[in-house]
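Coordinate inspection notes
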Amino acid sequence: MRLRVPPGAPAALKVLAAAAAAPAPVRPHLGGPAERPQTPAPELELRLELDSGTVLFSPNAICQYFYLCRGEEPTDLTTQWLEWEATELQPAVAAALYLRLVQGRAGPEALGLLQPLLAHLEQQLARSGTSHLAGDAASVADVVVWGSLFPVLQDQTSLPSELQVLRSWFGAVSALEPCRAAAALLPEALRELRAHLAQHPPHLPGPPREPQVRPRPGGEGGAQVGTTPLTWCPQQDEESPERALTDDDIAAAVEIWARGPAALPPPREPRTPVLPVEGERNVLITSALPYVNNVPHLGNIIGCVLSADTFARYSRLRGWNTLFVCGTDEYGTATETRALQEGLSPRQLCDRYHALHADIYTWFGISFDHFGRTTTPQQTSIAQDIFQRLLARGFLLQDTLEQLRCERCGRYLADRFVEGTCPSCGYGEARGDQCDRCGKLINAVELQNPQCKLCRGTPVVTPTQHLFLDLPKLEGQLEAWLERTWAAGEWTANARHITHTWLRDGLKPRCITRDLTWGTPVPLDGFRDKVFYVWFDAPIGYLSITANYTEHWERWWKNPQQVELYNFMAKDNVPFHSVVFPCSLLGADDNYTLVNHLIATEYLNYEDGKFSKSRGVGVFGDMAKDTGIPADVWRFYLLYLRPEGQDSAFCWADLMLKNNSELLNNLGNFINRAGMFVCKFFGGTVPAMALTAEDQRLLARVTLEMRQYHQLMERVRLRDALRCVLGISRHGNQYIQVNEPWKRIKGDERDRQRAGTVTGVAVNLAAALAALLQPFVPGVSAAIQAQLRIPPERCGLGPGLTCTLPAGHRVGTVSPLFQKLEPEQVEALRQRFGGGQAKEPPLASAPPPTPNTAVAPGDPKLIQELTEQVAQQGNLVRQLKAAQVEKAQVDAQVAKLLELKRQLVLAEGRSPEVPKGKRKK
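Conventions and cut-offs
- Residues numbered from 1 in each chain as written.
- Predicted model: local features only at pLDDT ≥ 70, side-chain atom pairs only at ≥ 80, totals over all residues.
- Heavy atoms only, no water.
- Helix = DSSP H or I, 4+ residues; strand = E, 2+ residues; numbered from the N terminus.
- Buried < 20%, exposed > 50% of the residue type's maximum accessible area, 1.4 Å probe, protein only.
- Contact = heavy atoms within 4.5 Å.
- Areas by Shrake-Rupley, 256 points an atom, 1.4 Å probe, with all protein chains shown as cover.
- Salt bridge = Lys/Arg side-chain N within 4 Å of Asp/Glu carboxyl O.
- Pairing = 2+ DSSP bridges.
- Axes fitted to C-alpha atoms, helices over the stretch in contact; angles between N-to-C directions.
- Polar contact = N/O pair within 3.5 Å; in protein donor to acceptor, adjacent residues only side chain to side chain.
- Parallel < 35°, antiparallel > 145°, perpendicular 65-115°, else oblique.
- Nonpolar A, V, L, I, M, F, W, Y, C, P; charged D, E, K, R; others polar.
- Phe/Tyr/Trp six-rings, centres within 6.5 Å; stacked < 30°, edge-to-face > 60°.
- Core = buried A, V, L, I, M, F, W, Y, C linked by side-chain atoms within 4.5 Å.
- pLDDT = per-residue confidence, 0-100.
- Expected span 1.5 Å × (residues − 1).
- Bend = angle between axes of the 7 residues up to and from the residue.
- Disulfide = S-S within 2.5 Å.

What follows is about the overall build of the protein. The helix and strand inventory of the protein stands at 32 helices and 20 strands. Within the span of the protein, comprising 921 residues, buried residues form 57% of the whole. Long-range pairs, those at least 24 residues apart, make up 78% of the contacts in the protein between residues at least 6 apart in sequence. Carbon and sulfur atoms provide 51% of the accessible area of the protein, an area that totals close to 38,300 Å².

This is the structure:
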């Protein structure tokens, strides 16, 4: 294989170091100045040409490939570090190098851009207790992160003295022979890089936010590595040199403002049914089909339907021709078994739970164009047609499958009804289809010590004939399709990684039939007593649900030339949507629309553990509306902590904090004040506005943030886009606070005119926020539109801040949008819905655990878990104190922190010290 490294490539160090560390059988080709490519971005030309003809362009993928060559498999932690380096560290390093190499800024000034990220590295290394990022040995994560930092730091003495752990790590990695050899090339590389940066300056971020670190539940190697992304929305009004507005920025913003409603896209005429339109952007959105007899919890909702709904609403606001479909997945053994337990037929059970799902999603404001189900004649017809086409083209195999059969129950056991020890990682509660700990897909007969989950009997292995999809035969078509799709589409990093893992291990034939009765029947002699396996059958539900919506369904699903398909799901569903289902459609060879953009989330956990309906732990969809908290508050909080790059955790105290600070004090405060000023000072009529230079700078700032919002939404970075909206609202609050219209209205004519301008600009900013918020909190958006009486044709999303409410516009009655959540209310809900804390007795009456009973000393895993919990709880306490919430709430969380610390001391085998406090006199 051949590695091409063009001159000045920022990623050269890490790639060359990884190649030498592997060591990989690669022939590096280093371009000199005379060979400088005439392209606008030479670093994009760095590539690895494999002997098979495949070419890798991503530097981090190349580094990971080199380590795979020496037998080191990527772990969750190394993958997270690589994603963090690519999305957060690289942009900051590019900006720092630009300041240093091009603008000649002093080292400390350039280093300042990296300060939060360096502090984050220090914290992670210190907390993990290991000498390297992913363990005690250097991994691909160490080489990649070092390779980004070295051009800026070059020596560990460049690091602040207080970052001792990071200094030690940086020195140790720099001393590795592969890194030393790569570093020798730095002087020449920096000269080339300086020329490149001068021609193509990077985006220079403003002051980064404090990193937000959440402990990683379970797994290896310490905490999650993510921080708040550097693509942030400014919260400060001061103009740093890096964020200075240009005259062009201001002129463009003023022009958009002056165009008024003409700058907004025209509203689309509603059509039923929604069908693709030639010449328009036709967007087809699906959400992973929820299984019918599982009531969805908050993690299910944010992972699938809520994320998809947010993007669908944005798509419609942009004027794109959008169809959003979903439905319940109703076939399979789980339905049969649940029906037997409840004394119902499978159809009766599905009818009941389909209605329950529909009610939950209606309450959450999910805007499906059609919410259907898979138990329909259309499902049978389409699934059997795809099957027949695969059979005719030679993509199906017959083979004997050894299957577990429970003689006591008198039935073959579906994978999910077998439990045992995972053969890969030893996890004792692995399911028969997949291990929840290591994520490996397994066959039920491979489980060690299998048990029937229905009767706890020991099943026996029984041979039975089945049909298989010949995935190896389709592998070439799949890889060619993926290469085209990944080049043009938005696939989340975890979706790409999971798909890569499947392909790297080599595809194997996949069974598509099961010995059941409740399912789509197999239309082939010798197999008519069987049904299709759910992971062959269920994704076809997207097509059949659309067919139940419109007889012209093929205009969506057999029209890849005109249709863009977005799939939303949690990461556990990825391989079936990126490998199995595309292979079925490619093999059927009927011009099917395949996914262009696969958006997968990580997991949302609940407080200190997982959601569990049986144990009453966590909030499920049918419970949320009984809490008294509005649906839009739930939507906001779930989207605010959407697990986009790493797992996140629902926390009641944090929900209260975000509601009271972001919704009530930031967003609600600004919109209410803007509307109230119009009513109180100007009789409910928007006053005339005479823009000053200060107002024009505000327009420019907001317009730039709106552009960033659009970029993030188009990339389906929903969480970051929401934080952008909150940043715009902070601009508005600051603008009002600085200009004090409530004081100026009492002054002379000039002051009164200034009060009018500030009020008019503020209420127009509130109108813009109504549109920006619509994908996230549609009820709040509608309330703002009603209070400000924004006409429907002015509710679209423009390219920047427009004057949609001109002088003379009459607003309506303005009232508060949000209510404060009180600590007592939140604590009662936390106790009601259990969670990790619910299992702990009150501290005042709980006898202190002893090392011999409650906590086993010396258990490394327990020590690691408690260390992470202490760090997480400490962060929460600091946030609550900074937000100045009620003392009782802070005290409750401090008490929990102290208890966690005490348990950690016991786990480490030490005796807890009695706290030294002030004695009462």
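Let's pick the thread back up.
Scanning all chains against the criterion turns up 37 salt bridges. Arginine 754 is paired through a salt bridge with glutamate 694; the nearest N and O atoms lie 3.3 Å apart. Of the two residues, arginine 754 is situated in helix α28 (residues 749-773) and glutamate 694 in helix α25 (residues 693-714); the sequence distance between them amounts to 60 residues. On the accessibility criterion, arginine 754 (11% relative accessible area) is buried. Here aspartate 751 ties to arginine 744 by a salt bridge, and the two come within 3.4 Å at their closest N and O atoms. In this structure aspartate 751 comes out as partly exposed when scored by relative accessible area, which is 26%.

Moving on, we get to the sheet that holds strand β18 (residues 597-601). What holds strands together in a sheet is hydrogen bonding between their backbones, with the strands either parallel or antiparallel. Judged by pairing direction, the sheet is parallel, and its five strands sit side by side in the order β7-β6-β5-β17-β18 without closing on themselves. Edge positions in the sheet fall to β7 (370-373) and β18, since each has one partner strand and no second. Each neighbouring strand pair of the sheet contributes to a mean axis angle of 20°, computed without reference to strand direction. Sitting on the sheet, helix α14 (residues 346-363) is in contact with β6 (321-328) and β7, with an inclination near 160° to β7.

Let us look at the side chain of asparagine 764. Its place among the elements puts asparagine 764 in helix α28. Only 2.9 Å separates the side chain of asparagine 764 from the backbone nitrogen of threonine 804, close enough to count as a polar contact. Contacts of asparagine 764, omitting those with residues within four sequence positions, involve Trp257, Met689, Leu801, Thr802, Cys803, Thr804 and Leu805.

This next bit is on the environment of threonine 464. For threonine 464, the position within the fold is in strand β13 (residues 460-469). Judged by relative accessible area, threonine 464 falls into the buried class, the value being 10%. As for threonine 464 and leucine 401, which are separated by 63 residues in sequence, their C-alpha atoms are 5.3 Å apart. When neighbours within four sequence positions are excluded, threonine 464 is seen to be in contact with Asp399, Thr400, Leu401, Gln403, Tyr412, Asp515 and Lys530. Polar side-chain contacts of threonine 464 include one of 3.3 Å to the side chain of aspartate 515. A distance of 3.3 Å separates polar atoms of two side chains, one belonging to threonine 464 and the other to lysine 530.

Running from N to C, helix α12 (residues 305-317) and helix α23 (residues 631-640) cross one another at 100°; their axes reach a closest spacing of 11 Å. Between α12 and α23, the angle is such that the two are roughly perpendicular. Where α12 abuts α23, its residues Leu306, Asp309, Thr310 and Arg313 lie against Arg635, Leu638 and Leu639. When its residues are assigned to classes, the contact of α12 with α23 shows three nonpolar, one polar and three charged.

Next up on the list: unusual backbone geometry. Here the residue pair threonine 272 and proline 273 is connected by a cis peptide bond, since its omega of -5° sits within 30 degrees of zero. Checked against the element boundaries, proline 273 lands in the loop between α10 (247-259) and β5 (282-287). For asparagine 449, which is not glycine, the phi torsion reads 55° and is therefore positive. Here glutamate 740, not a glycine, exhibits a phi torsion of approximately 45°, which is positive. With respect to the element layout, glutamate 740 can be found in the loop between α26 (718-739) and α27 (741-744).

Another aspect to go through is the sheet that holds strand β11 (residues 430-431). The strand order across the open sheet formed by three strands is β11-β10-β12, and the pairing between neighbours is antiparallel. Looking along the sheet, the strands with just one partner apiece sit at the ends: β11 and β12 (448-452). Where strand β10 (residues 418-421) meets β12, three bridges bridge the pair, whose relative direction is antiparallel. When the bridges of β12 are listed, valine 418 appears paired with cysteine 452.

In this structure the tally under the stated criterion is 30 aromatic pairs. Seen in terms of ring centroids, tyrosine 361 and phenylalanine 368 are 5.9 Å apart; in terms of plane orientation they differ by 80°. Their pairing is edge-to-face. The pair tyrosine 361 / phenylalanine 368 is uniform in exposure class, with both members buried. Seen in terms of ring centroids, tryptophan 652 and phenylalanine 833 are 6.0 Å apart; in terms of plane orientation they differ by 15°. Their pairing is stacked. Note that tryptophan 652 is positioned in helix α24 (residues 652-682) and phenylalanine 833 in the loop between α30 (823-832) and α31 (860-882), a separation of 181 residues in sequence.

The next thing to look at is the nonpolar core. Counting residues in hydrophobic clusters, the biggest one holds 175 residues, and the most contacted among them are Ile386, Trp634 and Trp652. The biggest single contributor to this core is α28, with 13 residues. Not counting residues up to four positions away in its chain, the partners in contact with isoleucine 386 are Phe536, Ile540, Leu543, Ser584, Leu585, Ala588 and Tyr592. Membership of the second largest hydrophobic core comes to 59 residues, among which are Ala18, Val26, Val93 and Val144.

Moving on: the confidence of the model for the protein. On average, residues of the protein carry a pLDDT of 83, and 83% of them reach 70 or more. Taken together, the stretch residues 835-856 has pLDDT below 50 and engages in 30 contacts with residues farther than four places along the chain or on a different chain.

This part covers helix α3 (residues 76-102). Between its terminal C-alpha atoms α3 stretches 37 Å, which fits the 39 Å expected from 27 residues at 1.5 Å a residue. Along its length, α3 reaches its greatest deviation from straightness, about 45°, at leucine 89, and the proline proline 91 lies no more than four positions downstream. Within two residues after α3, glycine 104 carries a phi angle of roughly 70°, on the positive side.

With respect to the helices and strands, the residue threonine 87 is situated in helix α3. Its relative accessible area of 37% is what places threonine 87 among the partly exposed residues. In this structure the C-alpha to C-alpha distance between threonine 87 and glycine 645, which are 558 residues apart in sequence, comes to 9.9 Å.

Among the structural elements, isoleucine 386 can be located in helix α15 (residues 377-392). Put simply, isoleucine 386 and isoleucine 540 are 154 residues apart on the chain and 9.0 Å apart in space, counted from C-alpha to C-alpha.

When the terminal C-alpha atoms of helix α17 (residues 493-505) are compared, their 18 Å separation across 13 residues agrees well with the 18 Å that a helix rising 1.5 Å per residue should span. Those residues of α17 not exposed but buried are Asn494, Ala495, Ile498, Thr499, Thr501, Trp502 and Leu503. Elements that come into contact with the buried residues of α17 comprise α16 (471-488), β14 (510-511), α21 (574-588) and β18. Downstream of α17 by a residue or two, glycine 506 has a phi angle that is positive, lying close to 85°.

With two bridges connecting them, β10 and β11 associate as antiparallel partners. Looking across to β11, one finds that glycine 420 is bridged to alanine 430.

Our focus in this paragraph is the state of the cysteines. Evaluated as defined, the whole model comprises zero disulfides. Unpaired in terms of disulfides, cysteine 406 finds its nearest cysteine sulfur in cysteine 455, a separation of 3.5 Å. On the accessibility criterion, cysteine 406 (2% relative accessible area) is buried. Here cysteine 452 is not disulfide-linked; the sulfur of cysteine 455 is the nearest cysteine sulfur, at 3.8 Å.

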